[in-house]
Amino acid sequence: MQLVHDKVALITGASKGIGRGIAKKFAQEGAHVAFTYLSSVEQGEALVHELEAFGIKAKGYRSDASDTQQAEELIHAVATDFGKIDILVNNAGITKDNLLLRMTEEQWDDVMRINLKSIFNTTRAITKIMMKQRSGSIINITSIVGIKGNAGQANYAASKAGMIGFTKSVALELGSRGVRCNAIAPGFIETEMTGKLNEEVVKGWLQTIPLKRAGTADDVANACLFLASDLSTYITGQTLPVCGGMLT
Ligand code: NAP
C-alpha cells in the first residue's frame, strides 16, 4: 500500500538536498508532487521527469519562498493545477554563518527572510484551502540547531527556533479544522548545505552522534512521509528530531 496515494504535496526548495529526497519519496509513495526551486533551474526542471517516472503528476515552479506575493501566487497556481493541496512541506532554507560579533545585518535579514518569513508566506496562503478541505498536513523543516543553538549560527538558530513556535501556534489554531502542523528537526545531514563545512567541524559533529554516521536526505524524507501520511493523524504541534540521537 502506498502511504500517500493520490494526495497532493507541495514542497518548497526541492531542486536539491533534503527537499529533493522528500519529493522523490512522496512520488514513490503515490503522491502527486508540486515543488519549487529558485536558482538551480536545471536541477529543478530535471526533477519533474524523475518524479513523473513514478507514474504521478509532477510540476516544478520557480518561486522565491521569501517573497509574499510570489508565495501567494504559487499556492493559487498549485491549487488550480492539481485541484487540491493535502500536504505542504516548508523546506527551503539557507545558512549565512558568522560569529555574532562579525555578523552583518544583511546576513541576519537574509536568513530570517528565507527561513522564517517564507513559512509565514506559504502557510498563511494555504490555510484557507486546507480549512475548507477540513484536512491537511503542514510540515516545517527546522533544525536541532533551533533547539540547542550553535556558535556561529545565531541567525540560523533564531530562524529555526522561530519555526518551532510557529508550528505549535498553527497546530493550536487549525487543529479543530482537521489541519495538522508539525516540524522535523534534522541533525547533521549530508547535502550541499553541510558540504560547505570544513573537515574538522564535520569530524567533531560525527563524534557526537550516537549512531556514528551522518544522516541522509532519505532519513529525513522517511520521517516526513510519516507526518504527511494518515499514520500520524493524531499527531500535531510536535517537533520530531531526525539526528541519529545527537540531541540526546
Ligand atoms: P540545500 O542542499 O542547500 O538545498 C536548499 C534548497 O532550498 C534548494 O533546493 C534551494 O533551491 C532552496 N531555496 C533556497 N532559498 C530559496 C528560496 N528563497 N525560495 C525557494 N527555494 C529556496 O539544503 P538542505 O541541506 O537540503 O536543507 C534543506 C532544509 O533542511 C533547510 O531548511 C535546512 O535549514 C534544513 N536542515 C538541513 C540540515 C543539514 O544538515 N543539511 C540540518 C538541519 C536542517 P535553489 O538551489 O533552486 O535556489
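Residues numbered from 1 in each chain as written. Predicted model: local features only at pLDDT ≥ 70, side-chain atom pairs only at ≥ 80, totals over all residues. Heavy atoms only, no water.

Asks: I tried to follow the pattern of salt bridges on my own but got confused; where do I start?
Replies: Any two side chains of opposite charge can pair if their charged atoms end up close together. In this structure the tally under the stated criterion is 12 salt bridges. Residue Asp110 pairs with Lys96 through a salt bridge whose shortest N-O separation is 2.9 Å. Of this pair, Asp110 sits in helix 4 (residues 105–133) while Lys96 sits in the loop between strand 4 (87–90) and helix 4; the two residues are 14 residues apart in sequence, bridging distant segments of the chain. Take Asp110: its relative accessible area is 12%, and that puts it in the buried class. Relative accessible area serves as the criterion here: at 32%, Lys96 is assigned to the partly exposed category. A salt bridge links Glu200 to Lys203, with the nearest nitrogen and oxygen atoms 3.8 Å apart. Of this pair, Glu200 and Lys203 both sit in helix 8 (residues 199–207), separated by three residues, roughly a single helical turn. Using a relative accessible area of 56% as the deciding quantity, one classes Glu200 as exposed. Judged by its relative accessible area of 46%, Lys203 falls in the partly exposed class. Taken together, the shared-partner salt bridges in this structure form one network comprising Arg20, Lys24 and Glu50. (Salt bridge = Lys/Arg side-chain N within 4 Å of Asp/Glu carboxyl O. Helix = DSSP H or I, 4+ residues; strand = E, 2+ residues; numbered from the N terminus. Buried < 20%, exposed > 50% of the residue type's maximum accessible area, 1.4 Å probe, protein only.)

Asks: So what exactly am I meant to see when it comes to the site of the ligand here?
Replies: Taken together, 31 residues lie near the ligand, and Ser15, Ser40, Asn91, Tyr156 and Thr191 sit nearest. Lys16 is positioned such that a nitrogen or oxygen atom in its side chain is 3.3 Å from an oxygen atom of the ligand. Relative to its free-state accessible area of 900 Å², the ligand is covered by the protein chains to the extent of 95%. At a threshold of 2 Å from the grid points, most atoms of the ligand map onto the largest pocket. Of all elements in the fold, only helix 1 (17–28), helix 6 (154–174) and helix 7 (192–195) reach the threshold of two or more residues within the shell around the ligand. Considering each element in turn, the shell around the ligand owes the most residues, three residues, to helix 7. Taken together, the residues of the shell around the ligand sort by class into 14 nonpolar, 13 polar and four charged. (Near = heavy atom within 4 Å. Polar contact = N/O pair within 3.5 Å; in protein donor to acceptor, adjacent residues only side chain to side chain. Areas by Shrake-Rupley, 256 points an atom, 1.4 Å probe, with all protein chains shown as cover. 1 Å grid on protein atoms, 1.4 Å probe; cavity = no way out; pocket = protein on both sides within 12 Å on 5 of 7 lines; lining within 4 Å. Sits in = over half its atoms within 2 Å of the grid points. Nonpolar A, V, L, I, M, F, W, Y, C, P; charged D, E, K, R; others polar.)

Purely geometric numbers; function is a separate question.
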